[in-house]
Amino acid sequence: MPFYEYACQDCKERFSQILTLREYGEGNVKCPKCGSTHVEQVPAQFYTVTSRKS
Ligand SMILES: [Zn+2]
């Protein structure tokens, strides 16, 4: 499962989400803290991902 990391531009909360490709394409990611959709994707580099490339 792909992880995507986001930073909320309103409350500065950082959170990671597991999204399907369709959800990712729709881009309707909400901040879990304040519910804002004003989020920005950031490179996920705070954890090790051992996913296989397909
Ligand atoms: Zn927020």
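The preceding data block contains the structure.
Student: What's the story with the environment of Ser-36 in this structure? I'm lost.
Tutor: Mapping Ser-36 onto the fold places it in the loop between helix H1 (21–26) and strand E3 (39–42). Overall, the relative accessible area of 11% leaves Ser-36 in the buried class. Along the sequence, Ser-36 and Cys-8 sit 28 residues apart, while their C-alpha atoms lie 7.3 Å from each other. Excluding residues within four positions of it along the chain, Ser-36 makes contact with Cys-8, Asp-10, Val-29, Lys-30 and Cys-31. Polar contacts involving the side chain of Ser-36 include one to the side chain of Asp-10, which spans 2.6 Å.

Student: Sorry if this is basic, but what is going on with the coordination of the zinc ion here?
Tutor: For a metal bound by four donors in tetrahedral geometry, the ideal donor-metal-donor angle is 109.5 degrees, whereas six donors in octahedral geometry ideally sit at 90 or 180 degrees. On the protein side, the zinc ion has Cys-8 (SG), Cys-11 (SG), Cys-31 (SG) and Cys-34 (SG) as donor atoms, found 2.3 to 2.4 Å from it. Seen from the zinc ion, its four donor atoms lie at angles of 105 to 116°, and the figure they make is tetrahedral. Sequence positions of the residues that donate to the zinc ion give the spacing C-x2-C-x19-C-x2-C.

Student: Honestly, the packing of aromatic side chains in this entry has me stumped. Any pointers?
Tutor: A ring pair, where both rings are aromatic, is described by two values, the distance of the centres and the angle of the planes. On inspection of all chains with the given rule, the structure shows two aromatic pairs. Arranged with centres 4.2 Å apart and planes meeting at 10°, the rings of Tyr-4 and Tyr-24 form a pair that is stacked. Placement of Tyr-4 in strand E1 (residues 3–8) and of Tyr-24 in helix H1 is noted, with a sequence separation of 20 residues between them. Using a relative accessible area of 33% as the deciding quantity, one classes Tyr-24 as partly exposed. Taken together, a centroid distance of 5.9 Å and an interplanar angle of 20° make the contact between Tyr-6 and Phe-15 stacked. In this structure, Tyr-6 and Phe-15 share a single accessibility class: buried.

Student: Explanation requested: the sheet that holds E3 in the structure shown.
Tutor: Sheet strands line up and pair through hydrogen bonds in the backbone, either parallel or antiparallel. Taken together, the three strands give an open sheet; going across it, the order is E2-E1-E3, and neighbouring strands pair in antiparallel fashion. Among the strands making up the open sheet, the edge pair consists of strand E2 (14–18) and E3. Strand-to-strand twist across the sheet, computed as the mean angle between neighbouring axes with direction ignored, equals 40°.

About the cut-offs
Residues numbered from 1 in each chain as written. Predicted model: local features only at pLDDT ≥ 70, side-chain atom pairs only at ≥ 80, totals over all residues. Heavy atoms only, no water. Helix = DSSP H or I, 4+ residues; strand = E, 2+ residues; numbered from the N terminus. Buried < 20%, exposed > 50% of the residue type's maximum accessible area, 1.4 Å probe, protein only. Contact = heavy atoms within 4.5 Å. Polar contact = N/O pair within 3.5 Å; in protein donor to acceptor, adjacent residues only side chain to side chain. Donors = N, O, S within 2.8 Å, 3.2 Å for Na, K, Ca; no water. Tetrahedral: all angles 85-135°; square planar, octahedral: opposite > 155°, others 65-115°. Phe/Tyr/Trp six-rings, centres within 6.5 Å; stacked < 30°, edge-to-face > 60°. Pairing = 2+ DSSP bridges. Axes fitted to C-alpha atoms, helices over the stretch in contact; angles between N-to-C directions.

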